[in-house]
Amino acid sequence: MSEYRERRALIGRGAAVWARTAGTGPQRVLPDGCTDLIWSEAGPDGELLVAGPDTCARLAPGPPGTRAVGLRFAPGQGPAVLGVPAHELRDQLVPLAALWPGAEVRRLTERIADAGRIVDAGRIADAGRIADAGRIVDAGRIVDAQRTADAERTAARQAAQGRLLEDAALGRLRTAEPPDPVLAAVVAGVSRGTGVARIAAAVGLGERQLHRRSLAAFGYGPKTLGRVLRLNRALDLARTGVPYAAVAATAGYADQAHLAREVRTLTGVPLGRLLQGSGG
């Protein structure tokens, strides 16, 4: 079974730092309207990657046990950090080195790798202390102590790596242009189910202008963004045990059948399977 946790990021606006250890079976990443900066340990030396905004679910790379730490930008936030329009990254997973200067990527890679090595050195020391303790305690307690120490070291390593991703993003945001004020209005509007024409009128833009700015900020137009955000609202409700019919009504679907079609279209699996975790 995969392990996942997240916390709020220091860069604000709804961004989050997450950490994942892959379990067995496919690890399904769902569309959320966001872009992620990721440190993956899938390769021999680790790699910095960027995941663009997805229009449908994708499978995360790496065998069981692969660890990854990511900084998930809020919708519309990623381009200011990454330096490219979001639509250029749509449905893609690319090396950070394809977007940032090589020297900058190498420095960040070395700092993240060093953070992992420092924590791993502490793990070796812990292992020695646990082995010494084995002379006076039973084997079962030794195994439990080792597992606890391993989990704590993994969490510490991933926390340190997450902070370094945040530092890199904060450094870029300090010199970036201020956020486009239209973006917050678009997110709020589509989240309420407001039509594109009304959103465009409210922000003083034509529909085509709004679509172009949405492509650059979110990776897709406001209609697709609305579908993706509605999906995530529905899944949040369904995970709390709300009946599917009530989920559909609350999240803004025409009916339960509409909800079922959208879930299958955007995630590739039925809602029940997705909630059971068998979809990743």
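Summary of the structure given here. Keep in mind that what you see is a predicted model, and the values were worked out from it rather than measured.

Focus: the pattern of salt bridges
Side chains that differ in sign of charge can pair as their charged atoms come close.
Here is step 1: Summed over the entire model, instances satisfying the criterion amount to nine salt bridges.
Here is step 2: With a closest N to O distance of 3.2 Å, Glu6 and Arg72 form a salt bridge. Of this pair, Glu6 sits in strand E1 (residues 3-8) while Arg72 sits in strand E7 (residues 67-72); the two residues are 66 residues apart in sequence, bridging distant segments of the chain.
Here is step 3: Its salt-bridge partner being Arg157, residue Glu41 comes within 3.6 Å of it at the nearest N-O pair. Separated by 116 residues along the polypeptide, Glu41 in the loop between strand E4 (36-40) and strand E5 (47-51) and Arg157 in helix H3 (residues 139-173) bring together distant segments of the chain.
Here is step 4: Using a relative accessible area of 6% as the deciding quantity, one classes Arg157 as buried.
Here is step 5: What you see here is one network of salt bridges that share partners, running through Arg227, Arg230 and Glu262.

Observations concerning the pairing of strand E2 (residues 16-21)
Here is step 1: Judged by how many residues are buried, E2 sits mostly within the fold: five of six residues are covered.
Here is step 2: Two strands pair when backbone bridges link them, and E1 and E2 are joined in this way by six bridges, in the antiparallel orientation. Across the sheet, residue Arg5 finds its bridge partner in E2, namely Ala19.
Here is step 3: Relative to E7, E2 runs antiparallel, the two being bridged by six bridges.

A closer look at helix H9 (residues 256-267)
Here is step 1: Over its 12 residues, H9 extends 16 Å from the first C-alpha to the last, a length consistent with the 16 Å expected when each residue adds 1.5 Å.
Here is step 2: Burial in H9 covers these residues: His258, Leu259, Glu262, Val263, Leu266 and Thr267. Relative to the axis of H9, the buried residues are bounded by an arc of 130° and lie together on one face. In H9, the exposed positions that point more than 90 degrees away from the buried face belong to Arg261 and Thr265.
Here is step 3: Its buried side turned inward, H9 meets strand E3 (28-29), helix H7 (222-239), helix H8 (244-251) and helix H10 (271-276).
Here is step 4: For H9, the N-terminal capping position is held by Asp255, with its side-chain oxygen 3.2 Å away from the main-chain nitrogen of Ala257.
Here is step 5: Looking one or two residues beyond H9, the residue adopting positive phi is Gly268, at roughly 90°.

Re the side chain of Ser214
Here is step 1: Along the chain, the position of Ser214 falls in helix H6 (residues 207-218).
Here is step 2: According to the relative accessible area criterion, Ser214 is buried, its value standing at 2%.
Here is step 3: Beyond its immediate stretch of four places on either side in the chain, Ser214 contacts Val186, Gly219, Tyr220, Gly221 and Pro222.

Some remarks on the packing of helix H4 (residues 181-192) against H6
Here is step 1: Between H4 and H6, whose axes approach to 11 Å, the crossing angle comes to 95°. The angle between the axes of H4 and H6 places the two elements in the roughly perpendicular class. On H6, the residues that touch Val182, Leu183, Val186 and Val187 of H4 are Leu210, Arg213, Ser214, Ala217 and Phe218.

Rules used in this analysis
Residues numbered from 1 in each chain as written. Predicted model: local features only at pLDDT ≥ 70, side-chain atom pairs only at ≥ 80, totals over all residues. Heavy atoms only, no water. Salt bridge = Lys/Arg side-chain N within 4 Å of Asp/Glu carboxyl O. Helix = DSSP H or I, 4+ residues; strand = E, 2+ residues; numbered from the N terminus. Buried < 20%, exposed > 50% of the residue type's maximum accessible area, 1.4 Å probe, protein only. Pairing = 2+ DSSP bridges. Expected span 1.5 Å × (residues − 1). Arc of directions from axis to C-beta. Contact = heavy atoms within 4.5 Å. Polar contact = N/O pair within 3.5 Å; in protein donor to acceptor, adjacent residues only side chain to side chain. Axes fitted to C-alpha atoms, helices over the stretch in contact; angles between N-to-C directions. Parallel < 35°, antiparallel > 145°, perpendicular 65-115°, else oblique.

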